[in-house]
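Architecture at a glance
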Amino acid sequence: MEIGGRGLIISLICFLFKFSTAIEIPLSVQQVPTIIKQSKVQVAFPFDEYFQIECEAKGNPEPTFMWTKDDKTFDLSDSRIIVSNNSGTFKIPNEGHISHFQGKYRCFASNKLGVAMSEEIEFIVPNVPKFPKEKIDPLEVEEGDPIVLPCNPPKGLPPLHIYWMNIELEHIEQDERVYMSQKGDLYFANVEEKDSRNDYCCFAAFPRLRTIVQKMPMKLTVNSLRHANDSSSSTEIGSKANSIKQRKPRLLLPPTESGSASSVTILKGDTLLLECFAEGLPTPQVDWNKIGGDLPKGRETKENYGKTLKIENVSYRDRGNYRCTATNFLGSTSHDFHVVVEEPPRWTKKPQSGVYSTGSSGILLCEAEGEPEPTIKWRVNGSPIDKNPFAGDVFSPTEISFTNLQPNHTAVYQCEASNVHGTILANANIDVVDVRPLIQTEDEENYATVVGYSAFLHCEYFASPEAIVSWQKVDEAKPLEGRRYHIHENGTLQINKTTEDDAGSYSCWVENAKGKTAVTANLDIRNATKLQVSPKNPRVPKLHTLELHCESKCDPYLKHSLKLSWSKNGEGFEINATEDGRIIIDGPNLTISNVTSEDQGIYSCSAQTALDSVADVTHVTILDVPDPPENLHLSERQNRSVRLTWDAGNDHNSRISEYIVEFEGNKEEPGRWEELTRVQGKETTVLLSLAPYVRYQFRVIAVNEVGRSQPSQPSDHHETPPAAPDKNPQNIRVQASQPKEMIIKWEPLKSMEQNGPGLEYRVTWKPQGAPVEWEEETVTNHTLRVMTPTVYAPYDVQVQAVNHLGSGPEPQSVILYSGEDYPDTAPVIHGVDVINSTLVKVSWSTIPKDRVHGHLKGYQINWWKTKSLLDGRTHPKEVNILRFSGQRNYGMVPSLDAFSEFHLTVLAYNSKGAGPESEPYIFQTPEGVPEQPAFLKVIKVDKDTATLTWGLPKKLNGNLTGYLLQYQIINDTYELGELNDINITTPSKPSWRLSNLNSTTKYKFYLRACTSKGCGKPITEEGSTLGEGSKSIGKISEGVNLTQKTHPVEVFEPGAEHIVRLLTKNWVDNNSIFEDVIETRGREYAGLYDDISTQGWFIGLMCAIALLTLILLTVCFVKRNRGGKYSVKEKEDLHPDPEVQSVKDETFGEYSDSDEKPLKGSLRSLNRDMQATESADSLVQYGEGDHGLFSEDGSFIGAYAGSKEKGSVESNGSSTATFPLRA
């Protein structure tokens, strides 16, 4: 990234400086050659295309190269090799003559100032290993004899791996008896008959050469003694053979000729392998020990059934004598190994290159360690030092010192340390240079850091003699001073705890005796990145979801480099690493579902930008239910108590709030555990109060904020002795009884309350307050039937619990009543006061208390409509019931039909039931106002006239005297004009023509039906007159707005008028083809119209229906013949989905008047809905049935039961006219 011309060097707080004592000389300064790259041991593998021997060097002037091979000059002009330009590297093509180049090479890089020399580079040309062609004689031995199968693998490039297999490449099994040595020979301690085979093959693998070679197969025959004498049994022969062959151990490895001891040399750091193998019968066992010490623990292993001792990473302390001992029951033998640890040379003080100024002094040290001790040789420019000494040099085997150095003293010194295990070489450059400072850092470099961090401004330089470095701000022109500033040896300026004021340009000055140089650096300070993890230290219940959010804020310049990462306990999360998706990382959000205890830990969110990094942590605690309590123990055992003690389980990071102690011992429900008590969480012991005659067992449940633990293991049993009952039965009561009978019931004692065997109940009773003896009866169940001489008489009753050990406490008396009977007399109706056309007040005389024969619950009014005073029709008896609780002598009867005759009776009722009814009382309701007309339509409009038609109200509620027609002008602003009234005194006329209207004007019409009691609610309609010159038209009204969603009724209430609309499917404006008003005729048609069949509109309606039916049948026939879809429709009609059918029923035939809008100054409650008007006097206002209790300042409380006598006809109630219509 760049901020300007030269680029931006980013400084981080984790920046580490490494300063070397050797000074890097710029190549622009003259210097001796330095070898910067060279080959190590090079192996000519036959599958490689060529072999490259490298030698690269730098220097000023540019070096030239020369090679030696086996300490003789090597000619680089040989046509068989390829030399790289400006380099000492050359290639040897793999063209069949490479064995000529095998040897040890050394590279020399030289210029006029000196000669650098490389270490020896060995070029190895390995031979292809082969087993010699030989004829191997078969081997024949007797069972029990030892034998060795030699391998003698060919020499080749290490490492070498040896395997013994058969011709089918199956490994020869090795065990305590059979062993392969490090050299590859196969040893048998004693052969068995199964060892006979003719395909023992030794395979030698050379993995670096990708070569495996095989020795010719060997045949081994083992002669068994059991076949030598057929007259003897095999068991006898085998036993005899074993007794002959049994022998004490004899070492085969190391071989006998090595004697009882041998010496082994191992290099420090290598792995020591010592092996011992002994023949004998039985097979000897091998053991190892170190004489005068212990085997190194942790680094020694015994392999191959103890035959090999392996010590890894050998050190000098592993030197000494090791002994292997082979033993069987006949004897033992041993061999001692004297282990010598040696080491190739290694530097302890390696000579270092140095830059010196004229007249200075110096010293070169060269020390090395090794075993045997290395010899040190010094060279100058590749030649022995004693042949090319410099004047003034003083040298010894380990150091060279020089004084008053001059430029002509520049040279390359070599120190070589060697012993029998190798040679090491070090070049040390002595450059005598005098030059003014050279600053190697680019001028005008740009640097950036964040507030609070350290900034590093570089000023790398080379100077000889030594130079002084100083820094200053460009605009201040004075050296920087203070603890926050530090100049490193390489010239870098470190500014600690930077602030915004540190931004700006800085100058680096480097000065020595030869002159001074300067560069400028620019520093930019950015805002530090901030980070916060939320929530802090959450506590999450197990199996819940953990959600962590990492909110970060960084400098806008650094936003593009911002990277967020999550870790737990120092280990980073891979994004969405879990296979089940349980852990999801979405940018700053970390979500872990179904958390477990393993998810607990410290979660860290880290933000890394190009300039800084910051982290914030939160400690997540996973909560779980406690572990069950443990080690339940019972003590302090008493008849009525015992102490229970337990140990708390792990609370899983949530403090235990309480313990629940449960018991089992209920004889009626064995195995059922019940709660006995609760104990605070800090307690782990409790004294339990117990009931008698129970064999207790306890368990404890721990509770914390997460939930309950599993129950603990049950405690030992504790049995309490029996005792007399501690309590008597409760809830003594009388069940519904027959007259002069008491069925006394009570709650029986539970099993845990019986306290002993033989539980019974002693029941005593007597008339309340009577000076007579208590009657008594003892029962085993919890009910008793007692006959009494009187109806509904009070009795004192007691029930006491008794068992074999005694009686319970003295019982308390309760007052119970004997069985009730029905009231035997009826109230007398005093009168019925008519309040209005739908509400009356009934008053009656109460019955005497002794005629109630029980507890009086109230009075009931029954009434039914007998006939309508409007048409004289008689009604079937349909009884309505209204109940009034308590002792009272009047009640209000609501929701009556106006202008009708009713019969009414009153009766009393108690808990047993209802008494006889009073004599029916006959009363009539007066006329009332009618309901609103069934519909109102504008059927014809002109420029100044409009014709309206309407239907009779559903309920007339009296003799119809006429209609009140009102109309007024309305406009789009909903302002209303003057309201005009027209009284229509002809009740039979269903239409009216209005004249003298304004043209092109919108009107709203209101129509009310009237009786002698007044006019009812209005129905409304809107319409507009035509403009000048328009042709008079008949308006097709949109009819009545049937918004109530109901299914078609079977028969409409007689006398109601309804609109029938016949619609065509896909009719664009949804207007009806035909609509008119018809009257529903029930089975009790009142005969308002004498001969409807003579009406023209009725004949037209019937014709239209017939025509439409024919059209519909034709359409259905055509659709059926087209096939495919109509059959599905038929199935839908046969088996309709209830929800779909409901939608169809709701939408069929749906239409509305012009939308009702709130009009300023309009009459209230001018509603056009066809829904029947509910009576102002509702049963709910007066009754106390399912709808609840009501009161009128204490004047009455009524109960409306809504029941009807058996055999009565269901009343239709109020309904809304719907289509279709059924006659």
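Per-chain numbering applies: the sequence of each chain, read as written, is numbered from 1 onward. In keeping with the predicted nature of the model, local features appear solely for residues at pLDDT of at least 70, side-chain atom pairs appear and are counted solely at 80 or more, and the whole-chain, interface and lining totals rest on all residues. As a rule here, side-chain values come from all non-hydrogen atoms in the structure, and water together with hydrogens is ignored.

The name recorded for the chain in an unreviewed UniProt entry is Neural cell adhesion molecule L1-like protein, from Panthera leo. Per UniProt, the chain has the following entry under Sequence similarities (unreviewed entry): "Belongs to the immunoglobulin superfamily. L1/neurofascin/NgCAM family." UniProt positions are given in the numbering used here, feature names are shortened, and annotations may be inferred rather than shown by experiment.

Elements are defined by DSSP. Helices are runs of H or I of four residues or more, strands are runs of E of two residues or more, and each kind is numbered from the N terminus. Within the fold, Pro138 resides in the loop between strand 12 (121-124) and strand 13 (139-142). The cut-offs for exposure are 20% and 50% of the maximum accessible area for each residue type, with area from a 1.4 Å probe on protein chains only; residues under the lower value are buried, those over the upper are exposed, and the others partly exposed. Classification of Pro138 as exposed rests on a relative accessible area of 58%. The sequence separation of Pro138 and Lys219 amounts to 81 residues, and the corresponding C-alpha distance is 4.9 Å.

Stacked, edge-to-face and tilted labels apply to pairs of Phe, Tyr and Trp rings (six-membered ring for Trp) whose centres lie within 6.5 Å, assigned for plane angles under 30 degrees, over 60, and everything in between, in that order. Enumeration over the complete set of coordinates arrives at 27 aromatic pairs. Pairing Tyr792 with Tyr817 gives two aromatic rings, centres 4.5 Å apart and planes at 20°, and the pair type is stacked. Residue Tyr792 is located in the loop between strand 68 (783-787) and strand 69 (794-803), and its partner Tyr817 is located in strand 71 (residues 814-817); the two are separated by 25 residues in the primary sequence. These aromatic residues form a ring-pair network of at least three members: Trp67, Phe74, Phe90, Phe101 and Tyr105. If you follow Arg526 out to its NZ or CZ, it ends over the ring of Tyr557, 4.0 Å from the centre. Whether a charge sits over a ring depends on NZ of Lys or CZ of Arg being within 6 Å of the ring centre and within 35 degrees of the ring normal.

A side chain with one charge may pair with a side chain of the opposite charge, provided their charged atoms come close. Note on definitions: salt bridges are taken to be side-chain nitrogens of Lys or Arg within 4 Å of carboxyl oxygens of Asp or Glu. Counted under the stated rule, the structure contains 43 salt bridges. We note a salt bridge from Glu658 to Arg678, for which the minimum N-O separation is 2.6 Å. Here the residue Glu658 occupies a position in strand 59 (residues 658-664), and Arg678 occupies one in strand 60 (residues 674-680), the gap between them amounting to 20 residues. Taking the relative accessible area as the measure of exposure, Arg678 reaches 39% and is therefore partly exposed. Of the charged contacts in the structure, one is a salt bridge between Asp897 and Lys865, with a shortest N-O distance of 3.1 Å. Of this pair, Asp897 sits in the loop between strand 76 (890-893) and strand 77 (900-910) while Lys865 sits in strand 74 (residues 856-868), and the two are 32 residues apart along the sequence. Its relative accessible area of 28% is what places Asp897 among the partly exposed residues. Note on Lys865: relative accessible area 16%, which makes it buried. Put simply, Arg106, Glu120, Arg379 and Glu416 are held in one network by salt bridges that share partners.

As a further point, take the environment of Asp599. Looking at the element boundaries, Asp599 is found in the loop between strand 54 (589-592) and strand 55 (601-608). It is 9.4 Å that separates the C-alpha atoms of Asp599 and Lys542, two residues lying 57 residues apart in sequence. Between N or O atoms, a polar contact is any pair within 3.5 Å; within protein, one atom must be a potential hydrogen donor and the other a potential acceptor, and residues adjacent in sequence are included only when both atoms are from side chains. A distance of 2.9 Å separates a polar atom in the side chain of Asp599 from the backbone nitrogen of Thr596.

Moving on, we come to the sheet that holds strand 41 (residues 455-457). Any two strands are treated as partners once DSSP identifies two or more bridges connecting them. The three strands are arranged 41-45-44 in an open sheet whose pairing can be described as antiparallel. The outermost strands of the open sheet, each flanked by one partner alone, are strand 41 and strand 44 (485-487). Sheet twist, expressed as the mean angle between neighbouring strand axes with direction ignored, is 20°. The sheet contact formed by strand 41 and strand 45 (residues 493-495) spans three bridges and is antiparallel. When the sheet's bridge partners are listed, Leu457 is paired in strand 45 with Leu493. Fitted lines through C-alpha atoms give the axes, limited to the stretch in contact for helices. The angle between two N-to-C directions lies from 0 to 180 degrees.

Right, let's talk about the confidence of the model for the chain for a bit. Averaged over every residue, the pLDDT of the chain is 82; the share at 70 or more is 82%. Scored between 0 and 100, pLDDT is the confidence that the predictor attaches to each residue. Any two residues having at least one pair of non-hydrogen atoms within 4.5 Å are treated as being in contact. Within the model, pLDDT remains below 50 along residues 228-240, and this stretch shows five contacts once partners closer than five positions in the same chain are excluded. Contacts for the low-pLDDT stretch residues 1123-1223, under 50 throughout, to residues beyond four places or in other chains number 204 contacts.

Next up on the list: the nonpolar core. Among the nonpolar cores identified, the biggest contains 25 residues, and Ile147, Leu149, Trp164, Leu186, Phe188 and Tyr200 are the most heavily contacted of them. Contributions of two or more residues to this core are made by strand 14 (147-149), strand 15 (161-165), strand 16 (178-180), strand 17 (186-188), strand 18 (197-206) and strand 20 (218-223). Element by element, the count of residues in this core is highest for strand 18, at four residues. When near neighbours in sequence (up to four residues on either side) are disregarded, Ile147 contacts Leu139, Val141, Leu186, Tyr187, Phe188, Val191 and Leu220. Only buried residues count toward a nonpolar core, which is a set of Ala, Val, Leu, Ile, Met, Phe, Trp, Tyr and Cys residues joined through side-chain atoms within 4.5 Å. Core analysis: the second largest hydrophobic core is formed by 22 residues, Leu956, Tyr963, Ala1009 and Ile1019 among them.

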